[in-house]
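Breakdown of the fold
These are the residues of each chain, in order.
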Amino acid sequence: KEEAAAAAAALAHRFALELGNANAGVRDASRAGLRELSQLLGRSVCSLLMEHREAAVLPLLTGSLRLLPLVTQVATCEALTYCILEQPSGASPAPRLVPLDAPLLALLD
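Residues numbered from 1 in each chain as written. Predicted model: local features only at pLDDT ≥ 70, side-chain atom pairs only at ≥ 80, totals over all residues. Heavy atoms only, no water.

Description of the overall build of the protein chain
From N to C terminus, the protein chain includes six helices and zero strands. Going from the N terminus to the C terminus, the protein chain shows its helices and strands as α-α-α-α-α-α. Here the protein chain, with 109 residues, has 34% of them falling under the buried criterion. The long-range fraction of contacts in the protein chain, counting pairs at least 24 apart against all pairs at least 6 apart in sequence, stands at 59%. For the protein chain, the exposed surface amounts to about 6500 Å²; the carbon and sulfur share of it is 62%. (Helix = DSSP H or I, 4+ residues; strand = E, 2+ residues; numbered from the N terminus. Buried < 20%, exposed > 50% of the residue type's maximum accessible area, 1.4 Å probe, protein only. Contact = heavy atoms within 4.5 Å. Areas by Shrake-Rupley, 256 points an atom, 1.4 Å probe, with all protein chains shown as cover.)

Describing the side chain of His52
Its place among the elements puts His52 in the loop between helix H3 (45-50) and helix H4 (53-57). For His52, a relative accessible area of 10% corresponds to the buried category. Beyond its immediate sequence surroundings of up to four residues, His52 is in contact with Ala9, Ala12, His13, Ala16 and Val57.

So, the nonpolar core
Of all hydrophobic cores here, the largest spans 18 residues; its most connected members are Leu19, Leu34, Leu49, Tyr82, Cys83, Leu97 and Val98. At the level of elements, helix H1 (2-17), H3, H4 and helix H5 (70-86) are the ones that each hand at least two residues to this core. Ranked by residue count, the leading element in this core is H5, at four residues. Every residue in contact with Leu97, bar those within four places of it in the chain, is listed here: Cys46, Leu49, Met50, Arg53, Val57, Leu58, Cys83 and Gln87. (Core = buried A, V, L, I, M, F, W, Y, C linked by side-chain atoms within 4.5 Å.)

A few points about the packing of H1 against helix H2 (residues 24-41)
Interhelical geometry of H1 versus H2 gives an angle of 150° and a closest axis separation of 9 Å. In this view, H1 runs roughly antiparallel relative to H2, as classed from their interaxial angle. Taken as a pair, H1 and H2 cross one another with a handedness that is left-handed. Of H2, the residues touching H1 (which contributes Ala8, Leu11, Ala12 and Phe15) are Ala29, Ser30, Gly33, Leu34, Leu37 and Leu41. In terms of residue class, the contact of H1 with H2 is made up of eight nonpolar, two polar and no charged. (Axes fitted to C-alpha atoms, helices over the stretch in contact; angles between N-to-C directions. Parallel < 35°, antiparallel > 145°, perpendicular 65-115°, else oblique. Left-handed = near helix turned anticlockwise from the far one by under 90°. Nonpolar A, V, L, I, M, F, W, Y, C, P; charged D, E, K, R; others polar.)

Listed below in structure tokens is the structure:
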């Protein structure tokens, strides 16, 4: 059982890292993989991504979006949009997958 949990965590990590890939096919496959994994594990996509937030999601918020190549800008915007849409709606005391605060606004500036 521990091996299965470790394999699922490794898959979720790989999928999370590829959400911002420049190749649209890879991004689509990552989203599909996360959906499938969440169904198999009976967990939300957001909960899967929260475990890999520091490594896969927060780096999307670094730097200035307009300084990136266009393909990377699109990939970053799609990845952030996906993560924001996967967050539960409403006020929650739990940390957000993508914090809607200064780093996100600075990225979009």
